[in-house]
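Breakdown of the fold
Chain by chain, the residues:
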Amino acid sequence: MHVASKLVCCSLGILWLSGCDRAEFAGARAPVAADSLRAAGLAAGRAAPMREAADAPAPASDERMLVQRGELTVETARPAEAMRMFLGKVKELGGHLSRQEANRVTVRVPAPQFDAAFAAGSAAGRVLHESREANDVTEEYLDLGIRLDTATKARARLLEVLQKAERVEDILKVEAEIRRLTEEIERLEGRRKLLAEQVALATLTVAFQGPAEPPRPRPRLRQGSSFAWIDRVGAELLLEAF
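A brief report on the enclosed structure follows.

Analysis parameters
Residues numbered from 1 in each chain as written. Predicted model: local features only at pLDDT ≥ 70, side-chain atom pairs only at ≥ 80, totals over all residues. Heavy atoms only, no water. Phe/Tyr/Trp six-rings, centres within 6.5 Å; stacked < 30°, edge-to-face > 60°. Helix = DSSP H or I, 4+ residues; strand = E, 2+ residues; numbered from the N terminus. Buried < 20%, exposed > 50% of the residue type's maximum accessible area, 1.4 Å probe, protein only. Lys NZ or Arg CZ within 6 Å of the ring centre and 35° of its normal. Pairing = 2+ DSSP bridges. Axes fitted to C-alpha atoms, helices over the stretch in contact; angles between N-to-C directions. Parallel < 35°, antiparallel > 145°, perpendicular 65-115°, else oblique. Left-handed = near helix turned anticlockwise from the far one by under 90°. Salt bridge = Lys/Arg side-chain N within 4 Å of Asp/Glu carboxyl O.

Thoughts on the packing of aromatic side chains
If you walk through the whole model with that rule in mind, you get two aromatic pairs. A ring pair is formed by Phe114 and Phe118, whose centres lie 6.1 Å apart and whose planes are at 50°; its orientation type is tilted. A residue pair is termed a helical-turn pair when its members lie 3 or 4 positions apart in one helix, as Phe114 and Phe118 do in helix α4 (residues 114-122) at four residues. Looking at Phe114, the relative accessible area reads 1%, which means it is buried. Here Phe118 falls in the buried class, since its relative accessible area comes to 6%. Across the ring face of Phe118, the terminal group of Arg132 is positioned such that the distance to the ring centre comes to 4.7 Å. Over the face of the ring belonging to Tyr141 we find Arg192, whose NZ or CZ atom lies 4.2 Å from the ring centre.

Structure (structure tokens):
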């Protein structure tokens, strides 16, 4: 009988402890979701961690990402024919026509062929104007990559939090933050893709124009005659009469 009493007491004690654990777990589960949401939100909202920025490899001098652009104005006797020949050369270089307005064309060529395309445009006639530039977008491209990685990891953490959230308020907050991060990720991906395309294909605009008309000679000023009546009648009228 003494042994049975001990067993009953032990069973009651175990049941009581189990009930306390379940109550504490149920009360603490929802706050954990809120705390996780705040932590994930802070990670997504702030800039990339200093450690990730420091670990990002610096590109070598020959690996810079350059967006190349150029403009040419060429005078030639046959603008239409010169433009046709230039577009044929661009096609040979692996490029394509991007825009055309009369005898003004904008082409895109692979970056390694930019110098060859520029030389082909210059050889079409007498160069009246030329300009070219190369914008370095290496740092922006790397920064976009770090920010994209941070946002992607934050969204993955929020998806895990969403699986654990029970309160409707927490669920709505997590879903709203996930939507915001998804839009940010799509924006960063779009900008990064645009930079990569601009680096891969250089832009060249060439305007072909015909020779300018020679200026008309200015009329000579006639000196006054010593005879007043000639000035009144006009020497030109007298010359036309003969």
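Thoughts on the pairing of strand β1 (residues 66-75)
Extensive coverage of β1 is indicated by the burial of seven of its 10 residues. In this structure, β1 lies alongside strand β4 (residues 126-136), joined through 10 bridges in antiparallel fashion. Within β4, the position partnered with Gln68 by the bridge is Ala134. In this sheet, strand β5 (residues 201-209) lies alongside β1 in parallel orientation, the contact comprising seven bridges. The residue of β5 that forms the bridge with Arg69 is Thr203.

Thoughts on the packing of helix α5 (residues 138-164) against helix α6 (residues 168-200)
Contact pair α5 / α6: the axes reach a minimum separation of 9 Å and the direction vectors enclose 155°. Viewed along their axes, α5 and α6 adopt a mutual orientation that is roughly antiparallel. Seen along the crossing, α5 lies across α6 with a hand that is left-handed.

Side note on the pattern of salt bridges
Using the criterion set out here, one finds 14 salt bridges in the structure. Between Asp149 and Lys153 there is a salt bridge whose closest N-O contact spans 3.2 Å. Pair noted here: Asp149 and Lys153 are both in helix α5, with a separation of four residues, about one helical turn. The partner of Glu177 in a salt bridge is Arg180, and the shortest N-O contact between them spans 2.8 Å. Separated by three residues within a single helix, Glu177 and Arg180 lie in helix α6, roughly one turn from each other. Take Arg180: its relative accessible area is 36%, and that puts it in the partly exposed class. Taken together, the salt bridges that share partners define one network made up of Asp143, Arg147, Glu184 and Arg187.

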